[in-house]
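Spelled out, the chains give:
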2 protein chains.
Amino acid sequence: MADPIEFYFDFSSPYGYFAAMRIEALAARQQRKTLWRPILLGAVFKLTGQQPLTTIPLKGDYARRDLARTARLWALPFRLPDPFPVATVAPCRAFYWLNDRDPEAAPALALALYQAYFVANRDISDPAVTVAVAAELGHDPVLVGQALNAAEIKARLKEANDAALARGVFGSPYIIADGEPFWGADRLDQVEQWLARGPW
Amino acid sequence: MADPIEFYFDFSSPYGYFAAMRIEALAARQQRKTLWRPILLGAVFKLTGQQPLTTIPLKGDYARRDLARTARLWALPFRLPDPFPVATVAPCRAFYWLNDRDPEAAPALALALYQAYFVANRDISDPAVTVAVAAELGHDPVLVGQALNAAEIKARLKEANDAALARGVFGSPYIIADGEPFWGADRLDQVEQWLARGPW
């Protein structure tokens, strides 16, 4: 069985959202499974001296334009949310809670959370919003709400984050395909070629 | 007559080199002229808080890998030079000196300087190397050497740099096609679609 495509992303990353909207179709074309791994990039950004793209002089204006243009090109619904960026502890915890109980269902929750934020402009940093999005997919809001405050899930997220850092992940989206790392939604073409042709 | 493709780049930028190797073929396919505009990104990097990609923790290791992989994919000869990055005042001055005398010949000099640095590992920050590269293309080494120290050329480069900044240029390569800005060698596909289909 071929390795799954490892898909690391931050819920506050617009290019991560773009990749999330395209990764499953790519994986299906290449007959691969995916492994969705949301992370908190704050710690990495400190290490690499990065700031959120849209907050940087000059680059920020360009980023807003590039995001809108790329969304139109790929026919993805998108608006830059307000507030942006936001803390993504709540959606990450909801994801890992579900992932450890029903891994097949977890990517759909991640995608719904991404769409809530980048399409419907709902503030997923608010635990109540994250719970509501999960409830809309049929998950028990009481259980999800409890999970967001559970020490076990907190530890689970830290573990996932540490594992990503140890794997060299420093941005979003960050994709590892057959051991090869690819950073950015604009590397999806290379990811697909890497899987289709093998290493070049 | 349709507008030329404005092509801004820093001679120390590997992705700028990649774009330089591909921009003329793209322009020919889309029946456009090009306007090559080397700049010094140091001033912009201060403003945007950027550092050279390969010097950033985590990102640097990835960048080296991505550069080598992308060069192989596009079949471009490439090695990361040593030293890297370098100051590029000398090649910029040589370019503008030639550009103001023989604009048709200037892109070929820029490409030769890029190849000297990113293929042959010659240190183009050394004025003697820049003069030698120009001489290999048939330009008078005495005149080029004088130009590198001329107050007029120094002012000309400053003017070109200020104009780029005023245009919003903050990275390399940075391409403006029909008024639309594109940053990065990985946006060349979008540049070509923008010209082929018109704005979307």
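This text goes with the structure placed above it.
In this text, all values refer to a predicted model and were calculated from it rather than measured experimentally.

On to the pattern of salt bridges, then. A full pass over the atoms with the stated rule returns 28 salt bridges over all chains. In this structure, Asp-66 of chain B and Arg-187 of chain A form a salt bridge, with 2.7 Å as the shortest nitrogen-oxygen distance. With Asp-66 of chain B in helix α3 (residues 59-73) and Arg-187 of chain A in the loop between β4 (180-183) and α9 (188-197), this residue pair bridges two chains. Each of the two residues, Asp-66 of chain B as well as Arg-187 of chain A, counts as buried. The closest approach of N and O atoms between Lys-158 of chain B and Asp-162 of chain B, which form a salt bridge, is 2.8 Å. Taken together, the residues span about one helical turn, with Lys-158 of chain B and Asp-162 of chain B both in helix α8 (residues 151-166) at a distance of four residues. Look at Lys-158 of chain B and you get exposed, because its relative accessible area is 52%. The exposure class of Asp-162 of chain B is partly exposed, given its relative accessible area of 37%. Each of Arg-65, Asp-66, Arg-69 and Asp-186 of chain A together with Glu-180 and Arg-187 of chain B takes part in salt bridges that share partners, so that together they form one network.

The next thing to look at is the packing of aromatic side chains. Centre distance and the angle of the planes are the two values used to describe a pair of aromatic rings. In the structure shown here, the tally under the stated rule is 50 aromatic pairs over all chains. Taking NZ or CZ as reference, Arg-22 of chain A lies 3.8 Å from the ring centre of Trp-74 of chain A, over its face.

Listed by partner, the interface residues are 32 residues for chain A and 32 residues for chain B. Surface buried jointly by chain A and chain B totals about 3,000 Å² across both partners, of which 56% is contributed by carbon and sulfur atoms. Considering only the side of chain A, the residues that lose the most area to chain B are Leu-58, Tyr-62 and Arg-69 of chain A, jointly responsible for 21% of the buried surface there. Along the contact surface separating chain A from chain B lie eight salt bridges. Our enumeration of links across chain A and chain B arrives at 20 residue pairs in polar contact (both at pLDDT 80 or more).

Reading the values: the criteria
Residues numbered from 1 in each chain as written. Chains lettered and ligands numbered in written order. Predicted model: local features only at pLDDT ≥ 70, side-chain atom pairs only at ≥ 80, totals over all residues. Heavy atoms only, no water. Salt bridge = Lys/Arg side-chain N within 4 Å of Asp/Glu carboxyl O. Helix = DSSP H or I, 4+ residues; strand = E, 2+ residues; numbered from the N terminus. Buried < 20%, exposed > 50% of the residue type's maximum accessible area, 1.4 Å probe, protein only. Phe/Tyr/Trp six-rings, centres within 6.5 Å; stacked < 30°, edge-to-face > 60°. Lys NZ or Arg CZ within 6 Å of the ring centre and 35° of its normal. Contact = heavy atoms within 4.5 Å. Buried area = accessible area lost by both parts, 1.4 Å probe. Polar contact = N/O pair within 3.5 Å; in protein donor to acceptor, adjacent residues only side chain to side chain.

Everything listed is a geometric property; what it means functionally is a separate question.
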